[in-house]
Amino acid sequence: MSVSQELNPTARYLMGPGPSDVHPRVLKAMATPLIGHLDPQFIEIMDGVMEMLRLLFRTKNQLTFAVSATGSAGMETCLVNVLEPGDEALVCVHGVFGNRMSDIVERCGAKVIRVDAPWGQPIDPHAVKKALSVSKPKLVAIVHAETSTGVHQPLQEISNIAHENGALFLVDAVTSLGGADVRADDWGIDIIYSGTQKCISAPPGLSPVSFSPRAVQVMEKRKTKVQSWYLDLSMVRKYWSGAKRAYHHTAPISMIYALYEALRLIFEEGLENRFERHRRNHVLLRDGLEEMGFEYIPAPEYRLPMLNAVKIPSGFNDAEIRDRLLNEYNIEIGGGLGDFAGKAWRIGIMGHSCTENHVHMLLAALRKIMNAG
Ligand SMILES: *Cc1c(COP(=O)(O)O)cnc(C)c1O
């Protein structure tokens, strides 16, 4: 029997759909000595995380915290706490993550009303309006930044339509939060979740969430128990924000240290500066890619700055080029998912990976590989 070698992975540049590069200060925060998860000093750190998350989501929602698991657990938390068996939920599907939401809705025993858009296009508010003229679902769910297609979904109109029909408005902001404007209160978002490893640039492992007072009321009126013990907010809430902080599960201390420091970095830079940095580097990357013959999948007005989904020009081999980028240049980019497998790339410039240097490095490496044929 032998023990494995010491961990020593090669340093990479993370330019895929997440995780993104992590700032050294965040890595250093993770090495902070542990204290107990009920230590008054740790409770203060949790309070700091909640306060900074409210600023990031631009919300006054009291119930704003981080679920102890990745973005998909945030998605599940938002759905299982609101939906009960027999409820209806309208889910907008324009890529992989809308599909995942509709799967969870079904697992809640609720009925899914789907509004689809072709991959690479945003959801049409008229289609949502039409679906709501024949049904009255408890919530309308949609992805703000569809990481599988690179589409930046406008939210305001669909939010208004949801509210006019008495539904809660639920938004997936996993990829947008920290890289583009997200305004939970101004946009009438009742329920929102994100993840730490995209534009927040911390490691994967936590999912920031926020619930409006209206959403909290709906949860408090449930007749049935939440199907998930771990994600049941009636209990988790008491640990994050109860008058007496009671044990529910052991908080992932080091991850919360990481999120705390990543949020501090975001506010040191300033939200507007950060969004502008993502836009600026997106333009630099776009110009370089288009010059090489790449075409963007979404129309110009619906492109995400942090996730660039492009068609691979004919004659170039997807897997071979991505292997060479990784092995010869230590750059990771993402391949296509679903309908786009083998045909598209997803290039992320998220958070700490969103620098001019990253863009120039990738473009130079691609030019070298592709010109050589
Ligand atoms: C990454 C992602 C998720 C899932 O997050 P995990 O951290 O992988 O569980 C959900 N929605 C969107 C839009 C994402 O990009």
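All residue numbers here refer to positions counted from 1 along the written sequence of the relevant chain. Owing to the predicted nature of the model, reporting of local features is limited to residues with pLDDT of at least 70; listing and counting of side-chain atom pairs is limited to 80 or more, with chain, interface and lining totals taken over all residues. Processing note: side-chain calculations cover all non-hydrogen atoms of the structure and skip hydrogens and water entirely.

**Some words on the packing of aromatic side chains**
Two aromatic rings, drawn from Phe, Tyr or Trp (for Trp, its six-membered ring), form a pair once their centres lie within 6.5 Å of each other, and the interplanar angle then sorts them: stacked below 30 degrees, edge-to-face above 60, tilted otherwise. As enumerated under the stated definition, the model contains four aromatic pairs in all. Ring centres of Phe 42 and Tyr 257 lie 6.3 Å apart, and the angle between their planes is 70°; this geometry places the pair in the edge-to-face category. Placement of the pair is Phe 42 in helix H2 (residues 40–57) and Tyr 257 in helix H9 (residues 253–269), with a sequence separation of 215 residues. You can call Phe 42 buried: its relative accessible area is 0%. Look at Tyr 257 and you get buried, because its relative accessible area is 7%. Note on Trp 119 and Phe 340: the rings are 5.7 Å apart at their centroids and 70° apart in plane angle, and the pair reads as edge-to-face. Remark: Phe 340 occurs in the loop between strand S13 (331–335) and strand S14 (344–348) and Trp 119 occurs in the loop between strand S4 (111–116) and helix H5 (125–132); sequence separation between them is 221 residues. Overall, Phe 340 belongs to the buried group, its relative accessible area being 14%. What counts as a helix is a DSSP run of H or I of at least four residues, what counts as a strand is a run of E of at least two, and both are numbered from the N terminus. With a 1.4 Å probe rolled over the protein chains alone, any residue whose accessible area is under 20% of its type maximum counts as buried; one over 50% counts as exposed, and the rest are partly exposed.

**Examining the sheet that holds strand S5 (residues 139–143)**
With respect to topology, seven strands assemble into an open sheet ordered S2-S10-S9-S8-S5-S3-S4, the strand pairing being mixed. Looking along the sheet, the strands with just one partner apiece sit at the ends: strand S2 (63–67) and S4. Averaged over all adjacent pairs, the angle separating strand axes in this sheet is 15°, with direction ignored. We call two strands paired when DSSP finds no fewer than two bridges between them. Strand direction decides the pairing type here: S5 and strand S8 (residues 168–172), joined by five bridges, are parallel. Within S8, the residue paired with Val 140 across the bridge is Phe 169. Seen against the sheet, helix H4 (residues 96–107) touches strand S3 (88–93), S4, S5, S8 and strand S9 (191–193) and runs at an angle of roughly 165° to S3. Between N-to-C directions, angles span 0 to 180 degrees; the directions come from axes that are lines fitted to C-alpha atoms, helices contributing only their stretch in contact. The contact criterion used throughout is that any non-hydrogen atoms of two residues lie within 4.5 Å.

From the geometry alone we can't say anything about function, so treat these as descriptive.
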